Amino acid sequence: MKSTVLRPVLRRFVGAVAVGVALAATSGCTVPIDAVAGISVTDDGQLLGVMMVCGHQIDGASLYVDSADVDDEVTVGSWDADRPLKDGLATWNLDSPSAGWTATRSLQPLTAKTTYAFYGWTKDNSSSSSSVSFTLTDRDLLTPGTVRYEDGSGDGDESAVTVPLAEFKAKACEDS
């Protein structure tokens, strides 16, 4: 008699565990995206980091080789803000020291046929920015006063767009 009573209980328990495992396997552990990262260039072609903070804060940014294999992702530059970036726009030169920023890893030479990704983060992992991917060809197509970023305003698919800085500032948080 005990075995007939235990079977439904055991079946429910096994079912609940299976559902829990499935939920854990399909739900990612990511931090909220609360800023939009972009890139631009100076008049003499140096790479600029562009960050539009939409809410929380951003403490720094990193540039790395973009790869589907996490083991192949190599950081080629990293910067700490002297103080947390709050709501609004920040830009800084990634090639040389900039006021308000400390290079924790100076920008390494970028190479052709390599895709890079740039994004912002917080020290406590409470939020981050979206990332923007680019190649040297993408960078070379930029002109001063324009920003390349990942526009998430479409049908759920993000695509890189290049817009005037004023448009980025006005719309980036709406698009994220």
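Relevant structure appears above.
What comes next is a walk through the structure. Keep in mind that this is a model prediction, so the values were computed, not measured.

**Looking at the overall build of the protein**
On a plain count of helices and strands, the protein comes out with three helices and ten strands. When the helices and strands of the protein are placed in sequence order, the string is α-β-β-β-β-β-β-β-β-α-β-β-α. Out of the 176 residues belonging to the protein, those deemed buried represent 36%. Here the analysis covers contacts within the protein between residues at least 6 apart in sequence; of these, 58% occur between residues at least 24 apart. Summed over its atoms, the accessible surface of the protein is roughly 10,200 Å², and 54% of this surface lies on carbon and sulfur atoms.

**Let's talk about the pattern of salt bridges**
All chains considered together, the criterion is met by two salt bridges. Residue Asp138 is joined to Arg148 by a salt bridge in which the shortest nitrogen-to-oxygen separation is 3.4 Å. One end of the pair, Asp138, is in helix 2 (residues 136–141); the other, Arg148, is in strand 9 (residues 146–151), and ten residues separate them in sequence. Classification of Arg148 as buried rests on a relative accessible area of 14%. The salt bridge involving Arg139 is made with Asp140; its shortest N-O contact spans 3.0 Å. A residue is classified by how much of its surface remains accessible, and Arg139, at 21% relative accessible area, is partly exposed.

**With respect to the nonpolar core**
If you look at the biggest cluster of nonpolar residues, it comprises 26 residues, and the most contacted ones within it are Met51, Leu63, Leu110 and Phe118. Among the secondary structure elements, those contributing two or more residues to this core are strand 1 (33–41), strand 2 (47–53), strand 3 (58–65), strand 4 (75–85), strand 5 (88–93), strand 7 (116–121) and strand 8 (128–134). Apart from residues lying up to four places away in sequence, Leu63 is in contact with Leu47, Val74, Thr75, Val76, Gly77, Trp79, Leu107, Leu110, Tyr116, Ala117, Phe118 and Phe134. Judged by nonpolar contacts, the second largest core, of eight residues, contains Val50, Tyr149, Phe168 and Ala172.

**A word on the state of the cysteines**
Scanning all chains against the criterion turns up one disulfide. The partner cysteine of Cys54 in its disulfide is Cys173, sulfur to sulfur 2.1 Å. Around the S-S axis, the bridge from Cys54 to Cys173 shows a dihedral of about -90° and counts as left-handed. On the criterion of sequence distance, the pair formed by Cys54 in the loop between strand 2 and strand 3 and Cys173 in helix 3 (residues 165–175) is long-range, its members being 119 residues apart.

**Side note on the packing of aromatic side chains**
Evaluation of the coordinates by the stated rule reveals six aromatic pairs. Ring centres of Trp79 and Phe118 lie 6.4 Å apart, and the angle between their planes is 65°; this geometry places the pair in the edge-to-face category. Residue Trp79 is found in strand 4, and its partner Phe118 is found in strand 7; the two are separated by 39 residues along the sequence. Note on accessibility: Trp79 and Phe118 belong to one class, buried. An aromatic cluster of three or more residues is present, and its members are Trp79, Trp92, Trp101 and Phe118.

**Here's the deal with the side chain of Ser130**
Within the element layout of this structure, Ser130 appears in strand 8. Looking at Ser130, its side chain comes within polar contact range of the main-chain nitrogen of Ala37, at 3.5 Å.

**Considerations on the pairing of strand 1**
Burial of strand 1 is extensive: seven of the nine residues sit out of reach of the surface. Across two bridges, strand 1 lies against strand 8 in parallel orientation. Following the sheet pairing, Ala35 is matched in strand 8 by Ser129. Sheet topology note: the strand 1/strand 2 ladder contains seven bridges and is antiparallel. Looking at strand 2, one finds that Ser40 is bridged to Leu48. Connecting strand 1 to the antiparallel partner strand 2 that follows it, the hairpin turn spans five residues, and Gly45 within it adopts a positive phi of roughly 85°.

About the criteria used
Residues numbered from 1 in each chain as written. Predicted model: local features only at pLDDT ≥ 70, side-chain atom pairs only at ≥ 80, totals over all residues. Heavy atoms only, no water. Helix = DSSP H or I, 4+ residues; strand = E, 2+ residues; numbered from the N terminus. Buried < 20%, exposed > 50% of the residue type's maximum accessible area, 1.4 Å probe, protein only. Contact = heavy atoms within 4.5 Å. Areas by Shrake-Rupley, 256 points an atom, 1.4 Å probe, with all protein chains shown as cover. Salt bridge = Lys/Arg side-chain N within 4 Å of Asp/Glu carboxyl O. Core = buried A, V, L, I, M, F, W, Y, C linked by side-chain atoms within 4.5 Å. Disulfide = S-S within 2.5 Å. Phe/Tyr/Trp six-rings, centres within 6.5 Å; stacked < 30°, edge-to-face > 60°. Polar contact = N/O pair within 3.5 Å; in protein donor to acceptor, adjacent residues only side chain to side chain. Pairing = 2+ DSSP bridges.

Geometric descriptors of this kind do not, in isolation, establish any biological role.
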